[in-house]
Amino acid sequence: MLGNEAIARGAYEGGVQVGAGYPGTPSSEILEYLGRYKEVHSRWCPNEKVALEVAAGVAIAGGRALATMKHVGLNVAADPLMTISYTGVRGGLVIVVADDPGMHSSQNEQDSRNYAKFAKIPFFEPADGEEARIFTKEGFIISEKFDTPIMVRSTTRVSHSRSVVFPQERVPFTPFPYQKDSEKYVMIPAFARKRRVALEKRLETLRDWVEESDLNRMEMRDTDLGIITGGVLYNHVREVFPQASVLKLGIGYPLPFQMISDFVKKVKNVVVVEELDPFWETEIKAAGIPVEGRNRISGIGEITPDVLKSAFGIALPLPPIGDLNQYVFPRPPIMCAGCPHRGVFRVLSDLKITITGDIGCYTLGVMPPTSSIDSCICMGASISNAEGFKLAHPELTVGAVIGDSTFIHSGIGSLLDAVYNQTNILVIILDNRITAMTGGQNHPGTGVTLMGEKTSALDLEELVRALGVKEIHHLSSYDILNFRSLLKKAIKKKAGPTVFILTEPCQLIQKKGKENYYRVDSSLCRHCKKCLQLGCPAIRLNGEKVEIIVESCHACGVCSQICQLNAIKEGSQS
């Protein structure tokens, strides 16, 4: 199974009733797989905070719940996390967080283990799919036993690799009867002070338990080198150092210090192998146990077997034909052929508008040939950033670009702020009718739930108008001539935000619908190459001649609008 599939399987076997989350690579597939089990209610939520609050409500009421997110999503959910740790739970609550060392698909590297210590909750770290299944399943039992949320921390290599898994039957679970307990679950200061004491007592009990848990294990081999590690790095360590003694941490917090101390006494040299922050190394050294770690291995990027070999002075095998990169044609990420975002960025670039960007496929607007994004920080930040740009430089024409799912996630409040403070910015909502970048998940604007049920679809235009925006333009993303004309007029506006909602479906989810394609009329083409400035992979240069690859063309028609010589015309495939 894929690691994410195994996590879903473990939750299913563990009797989970509700799964809630927001898609984010590398965690997205967990809920997609969980949604295949009809015994479980699975749902996409507008953001991770809502997802964790829904899951917490299930657990407080006596049911079992799973919340899923990627590492930056945990930042969004941190507010409820810190208080749920105080209240505890009645039914089991497992929070799966997928970190992304090496930033394969993220805007930063973040070590979510720190959140477990911050919130004073245990976290489990599986090394493969089978452990992902077992640890998730076990998480519900431990959560109920110790009255605490449990974090299961995955990484890209665990979530997106396959390994052998041994599925078991689902364990029937009947929710605990609901019991009102205001002093436990209503965190006014008077009650919270008591729960703070209870939290510390729970942590002490957990510290005794981890010493006995079989989720941690000591593997004694050669005593010259001992390695303390966990997660996917356990597999890398066993590959590179098959004879080394290993203390494998399945429970990453709180740590089994007695077990660690016993292990260190049995070997000559002990190295902590961990990605990102020196989380375990710092904790172990603070307990007075001598180990090595960051002095050998960098905390930047992903640790692969080759990184381990280099850190320990093991020679790497050289490729027999030298540097292989010289034989590989570079393939930078680009928007797909027919992508509804492409023409929009061409217009924004031509008009030299300062653009603050957001998280989504459209972030690729930063790449040549449009090169039209000036900042991208986090989900929903584009509109807030645009306000800041405008406050710092009122003379700039500033526009914020944000996707439909991202706007729903955390852009609504920012637009409300722009309306409230009458900030003169342009807001372009690129509505491609799906959460595209993470694989095409539904959201409140699509009218379909994760479980395939038809539901009410959020009307973005009505929402924007309800926020108080006076000027709204809703048009096709492919109608770039009209967009350019309206944009020029909006630039002259002096007060308040102007919102453009540009709607066309993602071409990977739903093609434009035409069976035709576009072609270049060589008798009219003057080789100005303006159409190449779109960066469409369906348009190529053959010598001095521009061609459109019929098999790749999605008939969006943007190139024909760009061509001022009317040399690009619609043709038939029949």
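Keep in mind it's a predicted model, so treat the numbers as computed, not measured. (Residues numbered from 1 in each chain as written. Predicted model: local features only at pLDDT ≥ 70, side-chain atom pairs only at ≥ 80, totals over all residues. Heavy atoms only, no water.)

### Overview of the sheet that holds strand β7 (residues 217–219)
Rules: If DSSP finds at least two bridges between two strands, the strands pair. Secondary structure elements are defined from DSSP: runs of H or I of at least 4 residues count as helices, runs of E of at least 2 residues count as strands, and each element is numbered from the N terminus. Working convention: axes come from line fits to C-alpha atoms, limited for helices to the stretch in contact. Angles between N-to-C directions cover 0 to 180 degrees.
Reading across the sheet, the four strands line up as β7-β9-β8-β11 and stay open at both edges, with mixed pairing between neighbours. Each edge of the open sheet is held by one strand with a lone partner, namely β7 and β11 (269–272). Each strand of the sheet is rotated relative to its neighbour by a mean of 15°, with strand direction disregarded. When strand β8 (residues 222–229) meets β11, the two strands line up parallel, connected through four bridges. Note that in β11 the partner of Ile-227 across the bridge is Val-271.

### Notes on the sheet that holds strand β12 (residues 354–356)
The cut-off we apply is this: By definition, residues are in contact when any of their heavy atoms lie within 4.5 Å.
In space, the five strands of this open sheet follow the order β12-β13-β14-β16-β15, with parallel pairing throughout. The sheet is open, and its two edges are formed by β12 and β15 (471–476), each paired on a single side. Here the strands of the sheet are splayed against their neighbours by 20° on average, with no regard to which way each runs. As paired strands, β12 and strand β13 (residues 398–403) are joined by three bridges and run parallel to one another. Pairing of Thr-356 across the sheet is with Ala-400, part of β13. The strands touched by helix α14 (residues 342–350) within the sheet are β12, β13, β14 (426–431) and β16 (498–503), with β14 carrying the most contacts at an inclination of about 160°. Here helix α16 (residues 404–420) sits on the sheet in contact with β13, β14 and β16, set at roughly 135° to β13.

### As for the environment of Ser-349
Tracing the backbone shows Ser-349 in helix α14. Sequence separation of Ser-349 and Phe-123 is 226 residues, and the distance between their C-alpha atoms is 46 Å. With sequence-adjacent residues up to four places away left out, Ser-349 is seen in contact with Thr-370 and Ser-372.

### Comments concerning the environment of Ser-476
Put simply, the rule is: The buried label applies to any residue whose accessible area, calculated with a 1.4 Å probe on protein chains only, is under 20% of its type's maximum; exposed applies above 50%, and partly exposed to all values in between. Throughout this description, a polar contact denotes any pair of N or O atoms lying within 3.5 Å of each other; where both atoms belong to protein, one of them has to be capable of donating a hydrogen while the other can accept it, and for residues adjacent in sequence the pair is counted only when both atoms sit in side chains.
Note on placement: Ser-476 falls in strand β15. Judged by its relative accessible area of 22%, Ser-476 falls in the partly exposed class. Separated by 195 residues in the primary sequence, Ser-476 and Glu-281 place their C-alpha atoms 54 Å from one another. Ser-476 has contacts with Leu-502, Thr-503 and Glu-504, leaving out every residue within four places of it along the chain. In terms of polar contacts, Ser-476 uses its side chain to reach the backbone amide nitrogen of Tyr-478, at 3.1 Å.

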